[in-house]
Amino acid sequence: MKIGFVGLGKMGKGLVLSMREKGIEVLSWNRTPNEVSNVDSVEEMIKQLDPGKRVIWLMLPAGTIVDEMITKVRPLLSAGDLIIDGANSNYKDDIRRVEDLKKDGIGYMDIGVSGGPKGARDGACLLIGGDKAKFEELMPLWVAVSAPNSFKYFGKTGAGHFAKMVHNGIEYGMMQAIAEGAAVLKASEFEYDMAEVFELYNHNSVIVSRLVGWTQEALAEDPNLDMISSKIDHTGEGEWTVDAAKELGIEVPIIKESLEVRKRSTKESESFRDKTVSAMRGKFGGHLVSKK
């Protein structure tokens, strides 16, 4: 199998390396060339793929940048070709794009990719939406990129990114609860070794999770999280989840307040609770969370 790939950031780079190791031939391009890119332009990439069978995987920041790239490649593609958006796009954009691209016979699939940069490199979790026949046809690609038993087809276009959006909303709430618990432990009269507490939490307790494990790692490295910023950055998925829930008439107070905490957070507050959320973001997503 041979595909084109655009966008070689933290996630894209890992996915391409994983694909190549599993026998997928990948022509990859990035605006800023790096050690993984192997073509000089998107135009060159598309010329080297078979018309009507091309697969172009986009791994770009959500929104305008994705639309601009689709506009760029669209005249170069043929009926039967396929665009995959593997980043965290809004599912409403997916629905709009698939209908627009149909006019030229070009397919479109949405894939939510979970697992952070490490997952992208060693085996990701894929939440897939789009044409069922294309899903079946590209089975070797999903197997190559994902960890064992870590991909599923969820239905029509938008379903993959909608499921990933809600996944990220849940993540907000889980991280907030862990961080609040850590702050209560830290403020108590007991002189806990915080890393030891979280290490034990992650052995056969009810709250065993990768997030608890990443919290333990961060606390072992920096017990007071002195080097971690208390400003919690956030991407769009949490807010999209809150918006979608409102449209559907579902109350999501935990996810909503977790988002508001992130919006209110500042570098100056020195909140241990907020530092703990930042530390988790640094661990699983490779996000910049250092004070410096």
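Just so you know, these numbers come straight off a predicted model, no measurement behind them.

Criteria and cut-off values
- Residues numbered from 1 in each chain as written.
- Predicted model: local features only at pLDDT ≥ 70, side-chain atom pairs only at ≥ 80, totals over all residues.
- Heavy atoms only, no water.
- Axes fitted to C-alpha atoms, helices over the stretch in contact; angles between N-to-C directions.
- Helix = DSSP H or I, 4+ residues; strand = E, 2+ residues; numbered from the N terminus.
- Parallel < 35°, antiparallel > 145°, perpendicular 65-115°, else oblique.
- Contact = heavy atoms within 4.5 Å.
- Nonpolar A, V, L, I, M, F, W, Y, C, P; charged D, E, K, R; others polar.
- Expected span 1.5 Å × (residues − 1).
- Buried < 20%, exposed > 50% of the residue type's maximum accessible area, 1.4 Å probe, protein only.
- Arc of directions from axis to C-beta.
- Core = buried A, V, L, I, M, F, W, Y, C linked by side-chain atoms within 4.5 Å.
- Pairing = 2+ DSSP bridges.
- Right-handed = clockwise from strand over helix to strand, strands pointing away.
- Salt bridge = Lys/Arg side-chain N within 4 Å of Asp/Glu carboxyl O.
- Lys, Arg positive; Asp, Glu negative; His and termini not counted.
- Phe/Tyr/Trp six-rings, centres within 6.5 Å; stacked < 30°, edge-to-face > 60°.
- Left-handed = near helix turned anticlockwise from the far one by under 90°.

## Let's talk about the packing of helix α10 (residues 210–221) against helix α13 (residues 272–285)
Two numbers describe a pair of packed helices, the interaxial angle and the distance between the axes. Axis separation between α10 and α13 bottoms out at 9 Å; the angle between their running directions is 105°. Relative to α13, the element α10 is oriented roughly perpendicular. Where α10 abuts α13, its residues L211, W214, T215, E217, A218, L219 and E221 lie against F272, T276, A279, M280, K283 and F284. Of the residues assigned to the contact of α10 with α13, the class counts are 8 nonpolar, 2 polar and 3 charged.

## Let's talk about helix α11 (residues 237–248)
An ideal rise of 1.5 Å per residue puts 16 Å on 12 residues; α11 measures up with 16 Å between its terminal C-alpha atoms. Those residues of α11 that fall on the buried side of the exposure criterion are E237, G238, T241, V242, A244 and A245. Down the axis of α11, the buried side of the element spans an arc of 165°, and every buried residue falls inside it. The outward face of α11, more than 90 degrees from its buried face, is lined by the exposed residues K246 and E247.

## Observations concerning the nonpolar core
Counting 28 residues, the largest nonpolar core has M19, W57, I84, L141 and W142 as the members making the most contacts within it. Elements represented by at least two residues in this core include exactly β1 (2–6), α1 (10–21), β3 (55–58), β4 (82–85), β5 (107–114), β6 (124–129) and α7 (139–145). If we ignore the near neighbours within four places in the chain, the residues touching L141 are M1, I3, M19, I24, W57 and I84. In this structure, A179, A182, L185 and A195 belong to the second largest nonpolar core, which totals 24 residues.

## What to know about the pairing of strand β2 (residues 25–29)
The element β2 is largely enclosed, with a buried count of 4 among its 5 residues. For β1 and β2, the ladder comprises 5 bridges, and the chain directions are parallel. When the bridges of β2 are listed, V6 appears paired with W29. Running through α1, the crossover from β1 to the neighbouring parallel element β2 is right-handed.

## Brief notes about the sheet that holds β2
A sheet is described by the order of its strands in space; here 7 strands give the open sequence β2-β1-β3-β4-β5-β6-β7, paired in mixed fashion. Among the strands making up the open sheet, the edge pair consists of β2 and β7 (146–153). For this sheet, the mean inter-axis angle between neighbouring strands, taken without regard to orientation, is 25°. With 3 bridges joining them, β1 and β3 adopt parallel strand pairing. For V6, the partnering residue across the bridge sits in β3 and is L58. On the sheet, helix α8 (residues 159–187) packs against β4, β5 and β6 and is oriented at approximately 20° with respect to β5.

## So, the pattern of salt bridges
One pass over the structure, following the stated rule, counts 23 salt bridges. Between E35 and K13 there is a salt bridge, and its shortest N-O distance comes to 3.2 Å. With E35 in the loop between β2 and α2 (42–47) and K13 in helix α1, this residue pair connects regions lying 22 residues apart in the sequence. For K283, the salt bridge goes to E217, with nearest N and O atoms at 3.6 Å. With a gap of 66 residues between them, K283 in helix α13 and E217 in helix α10 connect regions that are remote in the sequence.

## Some points on unusual backbone geometry
In this structure, L225 is a non-glycine residue whose phi angle is positive, near 55°. Looking at the secondary structure, you find L225 in the loop between α10 and α11. Residue classification places L225 among the buried positions, given a relative accessible area of 1%.

## As for the side chain of R262
Here R262 shows up in helix α12 (residues 253–264). Among buried Asp, Glu, Lys and Arg side chains, R262 stands out as unpaired, with E171 the closest opposite charge at 5.2 Å. The residues touching R262, leaving out its near neighbours within four places in the chain, are Y172, M175, K231, I232, D233, H234, V277 and R281.

## What about the packing of aromatic side chains?
Ring pairs (aromatic) are described by centroid distance and by the angle formed between their planes. By the definition in use, this model includes 9 aromatic pairs. Between the aromatic rings of Y91 and F162, the centroid separation amounts to 4.8 Å while the plane-to-plane angle is 85°, which identifies the pairing as edge-to-face. Linking Y91 in helix α4 (residues 91–102) with F162 in helix α8, this pair joins segments that are 71 residues apart in sequence. Looking at Y91, the relative accessible area reads 16%, which means it is buried.

## Quick notes on the packing of α8 against α10
Between α8 and α10, the shortest axis-to-axis distance is 10 Å and the interhelical angle comes to 45°. The orientation of α8 relative to α10 falls into the category oblique. Note on packing geometry: the crossing formed by α8 with α10 is right-handed. Residue-level inspection shows M174, M175 and I178 of α8 in contact with α10, the latter providing L211, V212 and T215. Per-class residue counts for the contact of α8 with α10 are 5 nonpolar, 1 polar and no charged.

The quantities given are spatial measurements derived from coordinates; they are silent on function.
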